[in-house]
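# A structural walkthrough
Each chain, written out:
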Amino acid sequence: MTGRADPVALRLCLAIVRLGARIVPAPQREVWTREWDAELRHRWSQRVRMSRAGELRLVRRTFGSLVDAAWIRRQLTLDADAVHDLVHGVRLLGKTPGFTAVTLFVLATGIGAATAIASLADALLVRPLPLPGADRVMTIWERNTATGIGREDVAPGNAIDWVGRTRSFSAIAAVEPWSLDYTAPGGDPEVLYAARVTAGFFDVLGLPMLHGRSFAPAEFTRGNDKVVVLSHALFIRRFAGDTSIVGRAIELDHQPVTVVGIMRPGLELRLFEGRREPGLYAPKYYEDFESRVRASGYWNVIARLREDVTPASAAQELSVLSSQLARDFPRTNRTIEAEVVPLRDHLAGSLRRLLPLLLGASALLLLVACANAANLLLARGVTRAREFAVRQALGAGRGRLIRQMLTESLMFAAGGGALGLLLAAAALRAIAGLRPLDVAGADRIPLDARVLAVTIGVSALAAVAAGLVPALQLSRPRASAVLREGASTPRARRAPNALVVVEVSLALLLAVGAGLLIRSLREIQRVDPGFARGQVFSLQVFAWDRNDTPAKRSAFFTASVESLRAQPGVIAAGAVSAMPFSGANINVRSAMAVDGRPPAAAGEDALIYTTIVAGDYFPAMRIPLVGGRLLDARDRDGSRLAAVVSRSAARKFWPGADPIGAKVSIRFNGRPLAAEVVGVVGDARHEALDRAARPELFLAHAQMPFGSMTFVVRCQPGAAVTLRDLQRRIWAIDPQQAFYETATIESMVSRTLVGRQFSVFLLTAFGVAALVLASAGLYGVLSFSTSQRTREFGVRLALGARPRDIVSMVLREGLRLAAAGILVGVIAAAWLTRLLAGLLFGVTPTDLPTFVTVIAAIVTVSLVSCYVPARRALRADPIAAVRTP
Amino acid sequence: MTSGRRRRGHRNGTRDGLPVDIELYICRILPVNLTLPTTLVLQALARGHHYGFDVMDATGLPSGTVYPLLRRLEHEGLVRADWEDAATARAEQRPPRRYYEITADGERVLDAGKARYRMPGEVRRARPLKPRPLQS
């Protein structure tokens, strides 16, 4: 082999040069390439005299062309200095890992919090909803002016009047929650959540169908309504996205129903309790009785404003209509108003009130983080004053020095931004993990390109803010002297000191807010709901279809309860029409008259909820009997109607008297009824732990055989009973019976707390972030001032000061700042926590234990962050300090 | 601008009528860092090594040092560069090489460098010199 003749080495060398040519700026490229090419070829032409080692040397030497090329690029292009600054910056940061970590952490905290909240706000308040003209889509609710409770479902009678008599809307529709039984081939019977909608519904949405059509006018009439529109989610989940389903009939509630259309994906209205989206939409026509139902709300109303109408004037029109209805139906409508809520606000749920506060807080947090980082950079800048002085003396211009500092700040901002993005992603994951039920789509807030742009913008702003101040100060002529002389004067320290005071007070403010919410949550969790929570299953059924007579319904529920009770491990079983904390209740409410008393005067609230119970409902829930007896086998069909009232009903209708034996008349399902009170039971809270129990009257299922009931089953602690076991027992009686909602009562109760836990999580995260920033701020200011006073400390030590004196001197300085911050924070908190009043439960906005705990925590954190610089001050060498000029 | 806030720049060379900064001024007139490699490269050129690779051979410095130095010296006017005579290159069936020559300024800086580094004199010769005149 004649390796020498092999031009591989030359080819390799020329390839390296071609690579280098890419680095060289275009104007120089040709000359540069020619020069290296010529040298290589010249050497190659003399290769006869070259050994293999010589060839290798030539290759190695050619690699130098890359260095040469890089050098040219640095000399001749604008990024040359930037590259240099970057390398220099990285080297310096590596030398002070503690400082680097603290500064990065400070920036990441500010940027992360701001990004997470900005994403949340963007998704909930800014991002367009998937509806055309979504800003004009309104939800309309009932509001009880007597109790102040709003956003209540609408009674059908009121909804019908609103839909028929308003002029502010281009389209308005009533929506009735509905459910249909469906059994997929080979599957268990299941309940499909559905909505029956009146004619304007799809006009309100303004969305064309994905496939097929919406309902024709003729289909909103009895007998012609066997058509459905599928939601996109159900279309995918149950019918595998097969478009041939359109126009075909499916079996729903054991009747053929034709699928006429598929809705577009992404639509979420969150109208129903439990926030379940309907899978099916069916046409709704009004039943005769519905216009008379005005006390029990279970419908929803959704409307699209006319182009020329504002939400305020629509609300005005509805308010006029409400007062007309109040005059026409004083018994039910005296305290009922319409509440117009824009769809977007409705979808933002419990965050609607909190989010603007949080946005403000996060902006403040970001500002503080930037100022903090600037403070840290300035503190470090002092230690670099010598370097800057030398560079200035060697001819570095002011712009050059500022650029060096800005490059370093930008590196911090890039690092902080990247970390902040990670932090924000983690925060959003945590938010998704909490699944705040009343916030639409909070389980999938994306960190998308726009948020990324926000982060980058924020990082860049942070960099400029954090870098400019120290850069301007240090690059001043004779900067080092200025810094050395001026930095420890009170005047120069005023700005950083003020910053620390602001930080501490902000931390206190947020921590107090979080503390109050945490205490509220704990108070709420301690509330006795009136029943025992553990080991109770609830299974909701709508058993009307195959049990179409009272006798059949009575037989079905009697047999079912008996069968459930027979399950090993079950202590008690019963059923109830309005299950506490359930998502879909049949809340029947009417005015009650007590025999022998004048009818309720206008202006007197005589409403009571009527609930049907079967079997051992009260023992199963452990709702105690207060007086008289429970409903039992004596209360059967044909005997006198017996009623049990709750304690709050007893207090409301028989204050100071015994209700047992009293005769009352109420309406149930439109029928007038007369009953005798036979017992009083304890109160059970219904909607939420922070809502008072409602006055309630219970009737026996045997006497009022109702079809919509929830089975309640209490098991022995530790018994291995599953929901499936209980379902099988019901299926043994009716194999076609589907279950609307099955849950443990514990999960139903904790579901109502999710929104509150979410607020607690957000504010706590903010409080912690603010505390971290405040401690970093204190640390930065004290490090700065102790590094300034090394000489002073040295002299003091030389003159006999004990180390303890130095430490306590530094601690005093830091704690003075913390104390000022605490004072400002306490005043601000006492004033601002009132904004949280609506979210508090069982604590006052100026709760003393919360304030004391938070102040103690802040003092502790301040002590720790002051102690490190104080220890460092001790390291001052007396001899060195005295010797330095 | 009005008289009250006259621009205090370095561009006109004076500040309030006085020379800017003596140290800065010295930095200006001394165009290169007179390091040992700089001196070596100038010395090699003065001794007749006119091509980049030859300078490397003569000084023992790597190409990543020699070429940037040559370019900087050229930029500062201490070295002149041109292309080798095309006919010579053609005769050897290769492209013309780039040719470097020390200038009068370069000689003066070289003297300063030699004094600073107390150079004994000769740079090692790799092979016999083939003097090549500049193209005229």
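Computed from a predicted model, the values in this text were never measured in an experiment.

## Brief notes about the packing of helix α3 (residues 52-59) of chain B against helix α4 (residues 63-76) of chain B
Residue and element names in this part refer to chain B. In contact at an axis separation of 10 Å, α3 and α4 are set at 125° when each is read in the N-to-C sense. Compared by their axis directions, α3 and α4 come out oblique. Remark: the crossing between α3 and α4 carries right-handed chirality. Each of Gly-52, Phe-53, Val-55, Met-56 and Thr-59 in α3 lies in contact with α4, whose residues at this interface are Ser-63, Val-66, Tyr-67 and Leu-70.

## Comments concerning the interface of chain A and chain B
Taken together, the contacts link 24 residues of chain A with 24 residues of chain B. The junction of chain A with chain B conceals about 2300 Å² of combined surface from both sides, 58% of it contributed by carbon and sulfur atoms. Linking chain A with chain B are seven salt bridges. The salt bridge involving A:Asp68 is made with B:Arg71; its shortest N-O contact spans 2.5 Å. For the pair chain A and chain B, the number of links is 10 residue pairs in polar contact (both at pLDDT 80 or more). Elements represented by at least two residues in the side of chain A that touches chain B include exactly α2 (26-45) and α3 (52-76) of chain A. Among the residues making up the side of chain A that touches chain B, the classes are represented as 11 nonpolar, five polar and eight charged.

## Quick word on unusual backbone geometry
Residues and elements named next belong to chain A. Here Arg-151, not a glycine, exhibits a phi torsion of approximately 55°, which is positive. Mapped onto the fold, Arg-151 is located in the loop between β1 (137-144) and α6 (156-165). Exposure remark for Arg-151: the relative accessible area of 26% places this residue in the partly exposed category. The backbone of Ala-240 shows a phi angle near 55°, a positive value even though the residue is not glycine. Along the chain, Ala-240 turns up in the loop between α8 (232-239) and β6 (249-252).

## Considering helix α2 (residues 36-46) of chain B
Residue and element names in this part refer to chain B. Most of α2 sits out of view: eight of its 11 residues are buried. For α2, the elements touching its buried residues are α3, α4, β3 (79-83), β4 (98-102) and α6 (104-117). With its phi angle positive at about 95°, Gly-48 sits one or two positions after the end of α2.

## Digging into the confidence of the model for chain B
Residue and element names in this part refer to chain B. The pLDDT averaged across chain B works out to 72; a share of 63% of its residues lies at or above 70. Contacts from residues 1-29, a stretch scored under 50 in pLDDT, to residues over four places away or in other chains number 14 contacts. Considering only residues more than four positions removed or in separate chains, one finds that residues 122-131, a stretch of pLDDT under 50, has 18 contacts. As scored by the predictor, the complex reaches a pTM of 0.63 and an ipTM of 0.72.

## Regarding the nonpolar core
All names here are of chain A. Grouped together as the largest cluster of nonpolar side chains are 106 residues, with contacts concentrated most on Leu-365, Tyr-617 and Leu-762. Ranked by residues supplied to this core, first place goes to helix α17 (residues 494-526) with 15 residues. If sequence neighbours within four positions are ignored, Tyr-617 has contacts with Gly-574, Ala-575, Val-576, Pro-580, Ile-623, Phe-698 and Val-712.

## Focus on the packing of aromatic side chains
Applying the stated rule across the entire model yields 22 aromatic pairs over all chains. Note on A:Trp36 and B:Phe53: the rings are 5.8 Å apart at their centroids and 75° apart in plane angle, and the pair reads as edge-to-face. Taken together, the positions of A:Trp36 in helix α2 and B:Phe53 in helix α3 put the pair across two chains. Accessibility assignment for this pair places A:Trp36 and B:Phe53 in one class, buried. Grouped by ring-pair contacts, the aromatic residues A:Phe201, A:Phe202, A:Phe215, A:Phe220 and A:Tyr281 constitute a single cluster. The positively charged end of A:Arg61 is found above the aromatic ring belonging to B:Phe53, 5.2 Å away from the centroid. The ring centre of B:Trp83 lies 5.3 Å from the NZ or CZ of B:Arg98, which sits over that ring.

## Notes on the pattern of salt bridges
All names here are of chain A. Counted by the stated rule, this structure contains 45 salt bridges over all chains. Between Asp-161 and Arg-165 there is a salt bridge, and its shortest N-O distance comes to 3.8 Å. Of the two residues, Asp-161 and Arg-165 are both situated in helix α6; the distance of four residues between them amounts to about one turn of the helix. On the basis of relative accessibility, which here comes to 36%, the residue Arg-165 falls in the partly exposed class. Between Arg-694 and Glu-687 there is a salt bridge, and its shortest N-O distance comes to 3.5 Å. On the basis of relative accessible area, Arg-694 is assigned to the buried category, the value being 7%. Given a relative accessible area of 35%, Glu-687 falls into the partly exposed group.

Reading the values: rules and limits
- Residues numbered from 1 in each chain as written.
- Chains lettered and ligands numbered in written order.
- Predicted model: local features only at pLDDT ≥ 70, side-chain atom pairs only at ≥ 80, totals over all residues.
- Heavy atoms only, no water.
- Axes fitted to C-alpha atoms, helices over the stretch in contact; angles between N-to-C directions.
- Helix = DSSP H or I, 4+ residues; strand = E, 2+ residues; numbered from the N terminus.
- Parallel < 35°, antiparallel > 145°, perpendicular 65-115°, else oblique.
- Left-handed = near helix turned anticlockwise from the far one by under 90°.
- Contact = heavy atoms within 4.5 Å.
- Buried area = accessible area lost by both parts, 1.4 Å probe.
- Salt bridge = Lys/Arg side-chain N within 4 Å of Asp/Glu carboxyl O.
- Polar contact = N/O pair within 3.5 Å; in protein donor to acceptor, adjacent residues only side chain to side chain.
- Nonpolar A, V, L, I, M, F, W, Y, C, P; charged D, E, K, R; others polar.
- Buried < 20%, exposed > 50% of the residue type's maximum accessible area, 1.4 Å probe, protein only.
- pLDDT = per-residue confidence, 0-100.
- Core = buried A, V, L, I, M, F, W, Y, C linked by side-chain atoms within 4.5 Å.
- Phe/Tyr/Trp six-rings, centres within 6.5 Å; stacked < 30°, edge-to-face > 60°.
- Lys NZ or Arg CZ within 6 Å of the ring centre and 35° of its normal.

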